[in-house]
Amino acid sequence: MEHSKGYRIAKLVISVVAIMGVFLITRELFQGKANNENTKVIEQSASAVNQTGESLSNEIPTDDQNGEKSLEQLVKQYDDIPIFDAHNHNAGGERYRKMMETWDKNSIERIVLFGAVSSPDAVVTDKIAWEAYLDHPDRFIPFFSGVNLLEESGLQTVKDNLEKGYFGIGEIAAASTYSPILTKVPWKTAHPMDGILPQIYELCAQYQAPLLLHIDPLDGLPISKLKEALMQYPDTTIILAHANAYNTPGNVENLLEEHPNLYVDFFAGFTAYNADSTNKLDDFIPIIKKYPNRILLSTDSGFGLNSELQAIDAIYRLIDLLNDRVLAKQIAYDNLDALIARQPATATQLKAIEELKLTEAQLPNLESLSKLEAAKIINAGRDK
Ligand SMILES: [Zn+2]
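Not measured: the values here are computed from a predicted model. (Residues numbered from 1 in each chain as written. Predicted model: local features only at pLDDT ≥ 70, side-chain atom pairs only at ≥ 80, totals over all residues.)

Caption draft 1: The arrangement of the overall build of the protein chain in detail. A tally of regular secondary structure across the protein chain gives 16 helices and eight strands. Looking at the protein chain as a whole, 49% of its 384 residues are labelled buried. Nonlocal contacts in the protein chain, meaning residues at least 24 apart in sequence, comprise 77% of its contacts between residues at least 6 apart. (Helix = DSSP H or I, 4+ residues; strand = E, 2+ residues; numbered from the N terminus. Buried ≥ 20, exposed ≤ 12 C-beta atoms within 10 Å, placed from the backbone. Contact = placed C-beta atoms within 7 Å.)

Caption draft 2: View of the pairing of strand β4 (residues 168–176). Among the nine residues that make up β4, nine are buried, leaving the element largely enclosed by the rest of the structure. Two strands pair when backbone bridges link them, and β4 and strand β5 (residues 211–216) are joined in this way by six bridges, in the parallel orientation. Counterpart to I169 in the pairing with β5 is L211. (Pairing = 2+ DSSP bridges.)

Caption draft 3: How the structure looks around the packing of helix α10 (residues 249–258) against helix α12 (residues 281–290). Following both chains from N to C, one finds α10 and α12 inclined at 15 degrees, their axes separated by 10 Å at the closest point. In terms of axis orientation, α10 runs roughly parallel to α12. The element α10 and its partner α12 pack so that their crossing is right-handed. Contacts between α10 and α12 involve P249, V252, E253 and L256 from the first element and D283, F284 and I287 from the second. (Axes fitted to C-alpha atoms, helices over the stretch in contact; angles between N-to-C directions. Parallel < 35°, antiparallel > 145°, perpendicular 65-115°, else oblique. Left-handed = near helix turned anticlockwise from the far one by under 90°.)

Caption draft 4: Structural context of the pairing of strand β8 (residues 295–298). Covered by surrounding structure in β8 are I295 and L297 together with L296 and S298, the residues of both alternating faces. Pairing of strand β7 (residues 262–267) with β8 involves four bridges; the strand directions are parallel. Opposite D265, over in β8, you have L296 as the bridge partner.

Caption draft 5: Spatial organisation of the sheet that holds strand β3 (residues 140–144). Strand order in this open sheet of eight strands is β1-β2-β3-β4-β5-β6-β7-β8, and the pairing throughout is parallel. Strand pairing shows two members of the sheet lacking a second neighbour, β1 (83–88) and β8, which therefore form its edges. Across the sheet, the axes of successive neighbouring strands diverge by a mean angle of 30 degrees, strand direction being ignored.

Caption draft 6: View of helix α15 (residues 347–355). Regarding α15, the residues found buried are Q349, A352 and I353. Looking down the long axis of α15, one finds its buried residues gathered within 100 degrees of arc, a one-sided arrangement. Exposed and oriented more than 90 degrees from the buried face of α15 are A347, K351, E354 and E355. Trailing α15 by a residue or two, K357 shows a phi angle of about 50 degrees, which is positive. (Arc of directions from axis to C-beta.)

Caption draft 7: Helix α5 (residues 95–105), seen in detail. For α5, the full list of buried residues reads R95, Y96, M99 and W103. Each buried residue of α5 lies within a common arc of 65 degrees when the element is viewed along its axis, so the set occupies one face. Looking at α5, the residues exposed on the side facing more than 90 degrees away from the buried face are R97, K98, E101 and D104. Contacts made by the buried residues of α5 are with β2 (108–113), α6 (120–135) and α13 (308–322). Immediately downstream of α5, the backbone of S107 shows phi near 55 degrees, a positive value.

Caption draft 8: Region of the structure containing the environment of L369. Its place among the elements puts L369 in the loop between α15 and α16 (371–383). Distance from L369 to A345, taken between C-alpha atoms, is 5.7 Å for residues 24 residues apart in sequence. Look past the residues within four positions of L369 in its chain and what remains in contact with it is A345, P364 and A374.

Caption draft 9: Representation of the confidence of the model for the protein chain. Residues with a pLDDT of 70 or more make up 82% of the protein chain, whose mean pLDDT is 86. Note on residues 19–64: pLDDT under 50 across the span, and 91 contacts to partners over four residues away in sequence or across chains. (pLDDT = per-residue confidence, 0-100.)

Caption draft 10: Quick look at the nonpolar core. Core analysis: the largest hydrophobic core is formed by 103 residues, its most contacted members being L113, A129 and I169. Here this core takes nine residues from α13, the largest share from any one element. What A129 contacts, discounting residues up to four positions off in sequence, is A91, L113, F114, G115, F140, P142, F143 and F144. (Core = buried A, V, L, I, M, F, W, Y, C linked by C-beta atoms within 7 Å.)

As C-alpha coordinates, then:
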(Lines give C-alpha, C1' and ligand atoms only; values in the text may rest on other atoms or scores of the structure.)
Protein backbone atom coordinates (compact mmCIF):
# COMPACT_ATOMS: atom_id res chain seq x y z
CA MET A 1 0.00 0.00 0.00
CA GLU A 2 1.42 3.36 -0.97
CA HIS A 3 1.66 6.08 1.62
CA SER A 4 -0.09 9.29 0.73
CA LYS A 5 1.73 12.61 0.57
CA GLY A 6 -0.19 13.77 3.63
CA TYR A 7 0.91 10.69 5.46
CA ARG A 8 4.55 11.35 4.65
CA ILE A 9 4.26 14.95 5.77
CA ALA A 10 2.57 13.82 8.96
CA LYS A 11 5.37 11.36 9.50
CA LEU A 12 7.95 14.11 9.07
CA VAL A 13 6.17 16.35 11.55
CA ILE A 14 6.02 13.48 14.00
CA SER A 15 9.73 12.88 13.74
CA VAL A 16 10.46 16.58 14.29
CA VAL A 17 8.52 16.60 17.51
CA ALA A 18 9.59 13.09 18.36
CA ILE A 19 10.67 13.62 21.93
CA MET A 20 7.58 15.50 22.94
CA GLY A 21 5.44 13.19 20.88
CA VAL A 22 6.78 10.01 22.37
CA PHE A 23 6.25 11.39 25.81
CA LEU A 24 2.64 12.40 25.24
CA ILE A 25 1.80 9.36 23.20
CA THR A 26 3.20 6.89 25.64
CA ARG A 27 1.32 8.61 28.40
CA GLU A 28 -1.87 7.98 26.51
CA LEU A 29 -1.25 4.37 25.76
CA PHE A 30 0.49 2.73 28.63
CA GLN A 31 -1.78 3.40 31.50
CA GLY A 32 -1.99 -0.26 32.33
CA LYS A 33 -5.75 -0.17 32.37
CA ALA A 34 -7.73 -1.28 29.45
CA ASN A 35 -11.15 0.10 30.10
CA ASN A 36 -10.39 3.16 28.13
CA GLU A 37 -12.90 5.92 28.04
CA ASN A 38 -10.35 8.29 26.61
CA THR A 39 -11.20 8.36 22.95
CA LYS A 40 -9.58 11.58 21.83
CA VAL A 41 -6.48 9.87 20.52
CA ILE A 42 -8.35 7.84 17.99
CA GLU A 43 -11.20 10.10 17.05
CA GLN A 44 -9.94 10.79 13.55
CA SER A 45 -9.14 7.27 12.57
CA ALA A 46 -11.84 5.40 14.33
CA SER A 47 -14.92 7.53 14.59
CA ALA A 48 -17.04 4.98 12.79
CA VAL A 49 -16.60 2.33 15.43
CA ASN A 50 -19.01 2.80 18.27
CA GLN A 51 -18.62 1.96 21.93
CA THR A 52 -21.38 -0.58 22.16
CA GLY A 53 -19.56 -3.06 20.04
CA GLU A 54 -22.20 -3.06 17.35
CA SER A 55 -22.14 -2.78 13.62
CA LEU A 56 -18.85 -1.72 12.14
CA SER A 57 -20.37 -2.24 8.70
CA ASN A 58 -18.46 -0.47 5.95
CA GLU A 59 -17.86 2.70 7.85
CA ILE A 60 -14.34 2.14 9.07
CA PRO A 61 -12.29 4.82 7.37
CA THR A 62 -9.47 3.56 5.21
CA ASP A 63 -6.73 5.06 3.18
CA ASP A 64 -7.95 3.70 -0.09
CA GLN A 65 -11.70 4.13 0.51
CA ASN A 66 -12.56 1.63 -2.15
CA GLY A 67 -15.08 -0.63 -0.61
CA GLU A 68 -13.26 -2.27 2.26
CA LYS A 69 -14.80 -5.38 3.75
CA SER A 70 -16.84 -5.05 6.91
CA LEU A 71 -15.82 -6.82 10.08
CA GLU A 72 -18.85 -9.07 9.69
CA GLN A 73 -17.68 -10.08 6.24
CA LEU A 74 -14.17 -10.77 7.48
CA VAL A 75 -15.39 -12.87 10.41
CA LYS A 76 -17.43 -14.91 7.98
CA GLN A 77 -14.60 -15.22 5.48
CA TYR A 78 -12.20 -16.48 8.17
CA ASP A 79 -14.64 -18.46 10.29
CA ASP A 80 -12.26 -21.43 10.13
CA ILE A 81 -9.63 -19.44 12.05
CA PRO A 82 -10.21 -19.31 15.81
CA ILE A 83 -8.58 -16.43 17.64
CA PHE A 84 -6.70 -16.67 20.93
CA ASP A 85 -6.28 -13.18 22.43
CA ALA A 86 -2.84 -13.08 24.06
CA HIS A 87 -3.36 -9.98 26.20
CA ASN A 88 -6.67 -9.03 27.77
CA HIS A 89 -7.40 -6.92 30.86
CA ASN A 90 -11.05 -7.78 31.37
CA ALA A 91 -10.63 -9.57 34.71
CA GLY A 92 -12.56 -7.00 36.69
CA GLY A 93 -16.14 -6.75 37.90
CA GLU A 94 -18.55 -7.74 35.18
CA ARG A 95 -16.21 -6.83 32.37
CA TYR A 96 -15.42 -10.23 30.99
CA ARG A 97 -19.05 -11.31 31.22
CA LYS A 98 -20.10 -8.29 29.22
CA MET A 99 -17.63 -9.16 26.48
CA MET A 100 -18.87 -12.72 25.96
CA GLU A 101 -21.32 -11.85 23.22
CA THR A 102 -18.74 -9.83 21.29
CA TRP A 103 -16.21 -12.65 21.60
CA ASP A 104 -18.75 -15.23 20.46
CA LYS A 105 -19.77 -13.14 17.52
CA ASN A 106 -16.20 -12.63 16.35
CA SER A 107 -14.65 -16.08 16.87
CA ILE A 108 -12.52 -14.96 19.80
CA GLU A 109 -12.36 -18.47 21.08
CA ARG A 110 -9.86 -18.15 23.92
CA ILE A 111 -8.41 -15.32 25.97
CA VAL A 112 -5.36 -14.83 28.17
CA LEU A 113 -7.09 -13.02 31.02
CA PHE A 114 -5.80 -10.75 33.77
CA GLY A 115 -6.67 -7.30 35.08
CA ALA A 116 -4.55 -4.67 36.80
CA VAL A 117 -0.77 -4.51 36.43
CA SER A 118 2.01 -4.86 39.04
CA SER A 119 0.08 -3.49 41.99
CA PRO A 120 -1.94 -4.76 44.97
CA ASP A 121 -5.06 -4.22 42.82
CA ALA A 122 -3.76 -6.97 40.60
CA VAL A 123 -3.97 -9.46 43.47
CA VAL A 124 -7.73 -8.93 43.36
CA THR A 125 -8.03 -9.11 39.58
CA ASP A 126 -5.82 -12.21 39.46
CA LYS A 127 -8.46 -13.93 41.59
CA ILE A 128 -11.17 -12.80 39.20
CA ALA A 129 -9.18 -14.24 36.28
CA TRP A 130 -8.94 -17.53 38.14
CA GLU A 131 -12.68 -17.62 38.84
CA ALA A 132 -13.42 -16.82 35.22
CA TYR A 133 -11.23 -19.77 34.27
CA LEU A 134 -13.00 -22.14 36.67
CA ASP A 135 -16.35 -21.10 35.18
CA HIS A 136 -15.17 -21.12 31.56
CA PRO A 137 -12.08 -23.31 31.30
CA ASP A 138 -12.30 -23.57 27.54
CA ARG A 139 -12.42 -19.82 27.06
CA PHE A 140 -10.03 -18.29 29.59
CA ILE A 141 -6.37 -18.85 30.37
CA PRO A 142 -5.57 -17.02 33.62
CA PHE A 143 -2.32 -15.08 34.00
CA PHE A 144 -1.38 -13.15 37.13
CA SER A 145 0.27 -9.81 37.80
CA GLY A 146 -0.14 -9.28 41.53
CA VAL A 147 3.49 -9.88 42.42
CA ASN A 148 5.77 -7.50 44.24
CA LEU A 149 8.73 -7.61 41.88
CA LEU A 150 10.93 -5.81 44.40
CA GLU A 151 10.55 -8.18 47.37
CA GLU A 152 11.80 -11.72 47.88
CA SER A 153 8.31 -12.61 49.09
CA GLY A 154 7.11 -12.09 45.53
CA LEU A 155 8.82 -15.34 44.58
CA GLN A 156 6.52 -17.32 46.84
CA THR A 157 3.51 -15.73 45.16
CA VAL A 158 4.86 -16.71 41.76
CA LYS A 159 5.53 -20.24 42.87
CA ASP A 160 2.15 -20.63 44.57
CA ASN A 161 0.25 -19.30 41.56
CA LEU A 162 2.11 -21.41 39.04
CA GLU A 163 1.61 -24.46 41.25
CA LYS A 164 -2.06 -23.68 41.59
CA GLY A 165 -2.48 -23.71 37.84
CA TYR A 166 -2.07 -20.20 36.44
CA PHE A 167 -0.47 -20.41 33.01
CA GLY A 168 1.74 -17.35 32.95
CA ILE A 169 2.76 -14.07 34.53
CA GLY A 170 1.56 -10.81 33.14
CA GLU A 171 1.06 -8.26 32.18
CA ILE A 172 3.79 -7.06 34.51
CA ALA A 173 5.64 -3.74 34.39
CA ALA A 174 9.28 -4.65 33.84
CA ALA A 175 10.04 -1.02 33.01
CA SER A 176 7.87 2.05 32.67
CA THR A 177 9.03 5.61 32.31
CA TYR A 178 6.17 7.40 30.58
CA SER A 179 2.90 5.88 31.63
CA PRO A 180 1.25 8.01 34.33
CA ILE A 181 -0.18 4.83 35.85
CA LEU A 182 2.49 2.19 35.28
CA THR A 183 5.23 4.61 36.26
CA LYS A 184 3.54 4.85 39.63
CA VAL A 185 2.61 1.21 40.21
CA PRO A 186 4.35 0.13 43.41
CA TRP A 187 5.50 -3.30 42.25
CA LYS A 188 7.21 -2.46 38.95
CA THR A 189 10.91 -2.89 38.33
CA ALA A 190 13.31 -0.40 36.80
CA HIS A 191 14.31 -2.79 34.01
CA PRO A 192 13.92 -6.44 33.03
CA MET A 193 16.86 -7.65 35.17
CA ASP A 194 15.84 -5.69 38.27
CA GLY A 195 14.31 -6.94 41.53
CA ILE A 196 13.36 -10.59 41.66
CA LEU A 197 12.79 -10.84 37.91
CA PRO A 198 15.90 -13.01 37.36
CA GLN A 199 14.64 -15.58 39.88
CA ILE A 200 11.17 -15.37 38.36
CA TYR A 201 12.66 -16.17 34.95
CA GLU A 202 14.17 -19.30 36.47
CA LEU A 203 10.87 -20.35 37.98
CA CYS A 204 9.08 -19.71 34.71
CA ALA A 205 11.56 -21.89 32.85
CA GLN A 206 10.94 -24.64 35.38
CA TYR A 207 7.17 -24.44 34.90
CA GLN A 208 7.47 -23.65 31.17
CA ALA A 209 5.19 -20.69 31.81
CA PRO A 210 5.63 -17.54 29.73
CA LEU A 211 5.91 -13.98 31.04
CA LEU A 212 4.12 -11.10 29.36
CA LEU A 213 6.31 -8.05 29.91
CA HIS A 214 5.32 -4.44 29.52
CA ILE A 215 8.39 -2.37 28.72
CA ASP A 216 8.45 1.33 27.97
CA PRO A 217 10.31 2.88 26.36
CA LEU A 218 11.33 0.16 23.93
CA ASP A 219 14.89 1.39 23.66
CA GLY A 220 17.87 2.26 25.85
CA LEU A 221 18.43 0.49 29.16
CA PRO A 222 15.09 -1.38 29.29
CA ILE A 223 15.81 -3.04 25.95
CA SER A 224 19.47 -3.81 26.65
CA LYS A 225 18.37 -5.42 29.93
CA LEU A 226 15.64 -7.35 28.13
CA LYS A 227 18.29 -8.73 25.79
CA GLU A 228 20.42 -9.65 28.77
CA ALA A 229 17.50 -11.51 30.34
CA LEU A 230 16.74 -13.35 27.11
CA MET A 231 20.36 -14.44 26.79
CA GLN A 232 20.89 -15.39 30.43
CA TYR A 233 17.63 -17.33 30.62
CA PRO A 234 17.38 -19.10 27.26
CA ASP A 235 14.80 -21.58 28.59
CA THR A 236 12.45 -18.80 29.65
CA THR A 237 9.81 -17.60 27.23
CA ILE A 238 9.25 -13.88 27.32
CA ILE A 239 6.38 -12.30 25.43
CA LEU A 240 6.97 -8.64 24.68
CA ALA A 241 3.63 -6.92 25.27
CA HIS A 242 2.28 -4.81 22.39
CA ALA A 243 5.72 -4.98 20.77
CA ASN A 244 4.53 -3.09 17.70
CA ALA A 245 3.32 -0.05 19.68
CA TYR A 246 5.73 2.89 19.61
CA ASN A 247 8.30 0.65 18.02
CA THR A 248 9.64 0.17 14.53
CA PRO A 249 9.28 -3.00 12.48
CA GLY A 250 13.09 -3.07 12.31
CA ASN A 251 13.46 -3.18 16.08
CA VAL A 252 10.88 -5.93 16.38
CA GLU A 253 12.68 -7.90 13.69
CA ASN A 254 16.06 -7.54 15.39
CA LEU A 255 14.73 -8.77 18.69
CA LEU A 256 13.13 -11.81 17.07
CA GLU A 257 16.24 -12.54 15.09
CA GLU A 258 18.61 -12.39 18.04
CA HIS A 259 16.45 -14.09 20.66
CA PRO A 260 14.75 -17.41 19.94
CA ASN A 261 13.03 -17.35 23.35
CA LEU A 262 11.26 -14.07 22.61
CA TYR A 263 7.65 -13.98 21.44
CA VAL A 264 5.94 -10.88 20.15
CA ASP A 265 2.45 -9.86 21.25
CA PHE A 266 1.23 -8.03 18.17
CA PHE A 267 -1.46 -5.48 19.07
CA ALA A 268 -2.88 -4.95 15.61
CA GLY A 269 -5.36 -2.37 16.87
CA PHE A 270 -2.58 0.05 17.71
CA THR A 271 -0.98 -0.05 14.29
CA ALA A 272 -4.29 -0.02 12.43
CA TYR A 273 -6.31 2.50 14.42
CA ASN A 274 -4.29 4.50 16.91
CA ALA A 275 -3.67 7.92 15.37
CA ASP A 276 -0.22 7.89 16.94
CA SER A 277 0.89 4.89 14.96
CA THR A 278 3.49 5.75 12.36
CA ASN A 279 3.19 2.36 10.70
CA LYS A 280 0.62 0.37 8.80
CA LEU A 281 -0.26 -3.26 9.26
CA ASP A 282 1.45 -3.99 5.93
CA ASP A 283 4.77 -2.84 7.37
CA PHE A 284 4.79 -5.80 9.76
CA ILE A 285 3.70 -8.49 7.31
CA PRO A 286 7.27 -9.40 6.22
CA ILE A 287 8.31 -9.91 9.86
CA ILE A 288 5.27 -12.04 10.60
CA LYS A 289 6.08 -14.16 7.56
CA LYS A 290 9.71 -14.43 8.62
CA TYR A 291 8.98 -15.46 12.24
CA PRO A 292 5.58 -17.17 12.09
CA ASN A 293 6.34 -19.36 15.13
CA ARG A 294 6.74 -16.50 17.58
CA ILE A 295 4.01 -14.02 16.80
CA LEU A 296 0.87 -13.86 18.94
CA LEU A 297 -2.14 -11.60 18.42
CA SER A 298 -3.79 -9.50 21.07
CA THR A 299 -6.43 -6.87 21.66
CA ASP A 300 -4.96 -5.34 24.84
CA SER A 301 -8.69 -4.88 25.50
CA GLY A 302 -8.66 -2.06 22.98
CA PHE A 303 -6.30 0.12 24.96
CA GLY A 304 -5.97 3.56 23.36
CA LEU A 305 -8.76 2.71 20.94
CA ASN A 306 -12.50 3.26 20.90
CA SER A 307 -13.26 -0.24 22.02
CA GLU A 308 -12.00 -3.77 22.25
CA LEU A 309 -14.11 -4.50 19.19
CA GLN A 310 -11.95 -2.14 17.20
CA ALA A 311 -8.88 -4.13 18.25
CA ILE A 312 -10.65 -7.29 17.12
CA ASP A 313 -11.44 -5.61 13.83
CA ALA A 314 -7.74 -4.84 13.35
CA ILE A 315 -6.85 -8.50 13.96
CA TYR A 316 -9.13 -9.45 11.09
CA ARG A 317 -7.62 -6.76 8.83
CA LEU A 318 -4.21 -8.26 9.58
CA ILE A 319 -5.41 -11.79 8.85
CA ASP A 320 -6.86 -10.55 5.57
CA LEU A 321 -3.58 -8.87 4.62
CA LEU A 322 -1.61 -12.03 5.35
CA ASN A 323 -3.46 -13.82 2.59
CA ASP A 324 -2.35 -17.17 4.02
CA ARG A 325 -4.85 -19.12 6.13
CA VAL A 326 -2.31 -21.55 7.57
CA LEU A 327 -0.04 -18.75 8.70
CA ALA A 328 -3.01 -16.77 9.99
CA LYS A 329 -4.19 -19.67 12.15
CA GLN A 330 -0.67 -20.16 13.42
CA ILE A 331 -0.32 -16.62 14.75
CA ALA A 332 -3.97 -16.20 15.73
CA TYR A 333 -4.20 -19.45 17.65
CA ASP A 334 -1.66 -22.25 17.36
CA ASN A 335 1.44 -20.50 18.72
CA LEU A 336 -0.28 -19.49 21.93
CA ASP A 337 -2.13 -22.77 22.21
CA ALA A 338 1.23 -24.56 22.13
CA LEU A 339 2.69 -22.30 24.84
CA ILE A 340 -0.21 -23.24 27.11
CA ALA A 341 -0.48 -26.92 26.20
CA ARG A 342 3.22 -27.68 26.75
CA GLN A 343 3.10 -26.82 30.48
CA PRO A 344 3.33 -29.90 32.68
CA ALA A 345 1.00 -30.70 35.56
CA THR A 346 2.34 -29.34 38.84
CA ALA A 347 2.98 -31.20 42.07
CA THR A 348 0.01 -29.40 43.62
CA GLN A 349 -2.25 -30.54 40.80
CA LEU A 350 -1.00 -34.12 40.99
CA LYS A 351 -1.69 -34.16 44.70
CA ALA A 352 -5.22 -32.86 44.10
CA ILE A 353 -5.76 -35.63 41.55
CA GLU A 354 -4.50 -38.20 44.02
CA GLU A 355 -7.04 -36.96 46.54
CA LEU A 356 -9.84 -37.58 44.07
CA LYS A 357 -9.18 -41.30 44.55
CA LEU A 358 -9.90 -42.17 40.97
CA THR A 359 -10.06 -45.80 39.94
CA GLU A 360 -7.22 -47.27 37.94
CA ALA A 361 -9.35 -47.02 34.82
CA GLN A 362 -10.13 -43.36 35.42
CA LEU A 363 -6.55 -42.38 36.16
CA PRO A 364 -4.70 -40.61 33.36
CA ASN A 365 -1.06 -41.16 32.60
CA LEU A 366 0.39 -38.93 35.29
CA GLU A 367 3.86 -38.89 33.74
CA SER A 368 2.82 -36.97 30.66
CA LEU A 369 -0.11 -35.06 32.09
CA SER A 370 -0.28 -31.38 31.17
CA LYS A 371 -1.33 -28.53 33.42
CA LEU A 372 -4.39 -28.00 31.27
CA GLU A 373 -5.43 -31.67 31.40
CA ALA A 374 -4.79 -31.85 35.13
CA ALA A 375 -6.99 -28.81 35.71
CA LYS A 376 -9.83 -30.44 33.76
CA ILE A 377 -9.65 -33.60 35.88
CA ILE A 378 -9.53 -31.60 39.13
CA ASN A 379 -12.42 -29.39 38.11
CA ALA A 380 -14.53 -32.33 37.01
CA GLY A 381 -13.85 -33.94 40.39
CA ARG A 382 -14.85 -30.75 42.14
CA ASP A 383 -18.16 -30.61 40.31
CA LYS A 384 -19.22 -34.00 41.69
ZN1 LIG B 1 -2.04 -4.36 28.52
